[in-house]
Amino acid sequence: MKVLVYGASTNPSRYAYIATELLLQHGHEVSLVGIKKGEVLGLTIQQDQPLLEEIDTVTLYVGPANQEGLIDYLESINPRRVIFNPGTENPELERALEKSGIQTEEACTLVLLHTGQF
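Let me begin by describing the structure that accompanies this report. (Residues numbered from 1 in each chain as written. Predicted model: local features only at pLDDT ≥ 70, side-chain atom pairs only at ≥ 80, totals over all residues. Heavy atoms only, no water.)

### Concerning helix 3 (residues 91–99)
Among all positions of helix 3, only Leu93, Glu94 and Leu97 are buried. Buried residues in helix 3, looked at end-on, bunch into an arc of 100°, giving them a common side. Opposite the buried face of helix 3, at more than 90 degrees from it, the exposed residues are Glu92, Arg95 and Lys99. As for helix 3, its buried residues are in contact with strand 5 (57–60), helix 2 (70–77), strand 6 (81–84) and strand 7 (103–106). Once helix 3 ends, the next one or two residues include Gly101, with phi positive near 85°. (Buried < 20%, exposed > 50% of the residue type's maximum accessible area, 1.4 Å probe, protein only. Helix = DSSP H or I, 4+ residues; strand = E, 2+ residues; numbered from the N terminus. Arc of directions from axis to C-beta. Contact = heavy atoms within 4.5 Å.)

Printed below as a string of structure tokens:
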């Protein structure tokens, strides 16, 4: 499954980094988008809003204050679902995604992976 970690970080103590590590361990193909350039476990963090294809799931690690313009980007890559991790919840964005036919889920990617629910 192709997964986009939106809000990727090179800091090993950040949840986005830990999620990337776990996603790779579970055999998922991972793409990273973040503010700062860098690499995580051999993967390059892309900046801005790169055109990505066949993304099944987007897991968000950016808060509502940094989600402006995200609806257009998410609609353009058309994932099956978007996971709003704790602290990223945004009812307005969730409603807009659902209107576009994209599933939303308020959950913790780390918990979903650890419990086999991802």
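Moving on from the coordinates now.
### Details of the packing of aromatic side chains
Taken as a whole and judged by the stated rule, the model has 1 aromatic pair. Ring plane angle 40° and centroid distance 6.0 Å describe the contact between Tyr6 and Tyr73, whose orientation is recorded as tilted. Linking Tyr6 in strand 1 (residues 2–6) with Tyr73 in helix 2, this pair joins segments that are 67 residues apart in sequence. The burial state of Tyr6 is the same as that of Tyr73; both residues are buried. Here Arg81 stacks its cationic end above the ring of Phe118, 4.6 Å away from the centre of that ring. (Phe/Tyr/Trp six-rings, centres within 6.5 Å; stacked < 30°, edge-to-face > 60°. Lys NZ or Arg CZ within 6 Å of the ring centre and 35° of its normal.)

### Digging into the environment of Asp56
Here Asp56 is to be found in the loop between strand 4 (43–46) and strand 5. Residue classification places Asp56 among the buried positions, given a relative accessible area of 19%. Spatially, the C-alpha atoms of Asp56 and Ile77 are 9.4 Å apart, while their sequence positions differ by 21 residues. In this structure, Asp56 is in contact with Met1, Lys2, Pro79, Arg80 and Arg81, ignoring residues within four places of it in sequence.

### A look at unusual backbone geometry
Positive phi is not limited to glycine here, since Leu41 has a value of about 50°. Judged by relative accessible area, which is 42%, Leu41 ranks as partly exposed. Positive phi values are uncommon outside glycine, yet Asp48 reaches one of about 65°. In this fold, Asp48 is placed in the loop between strand 4 and strand 5. Judged by relative accessible area, Asp48 falls into the exposed class, the value being 66%.

The values reported here are purely geometric and, on their own, carry no functional implication.
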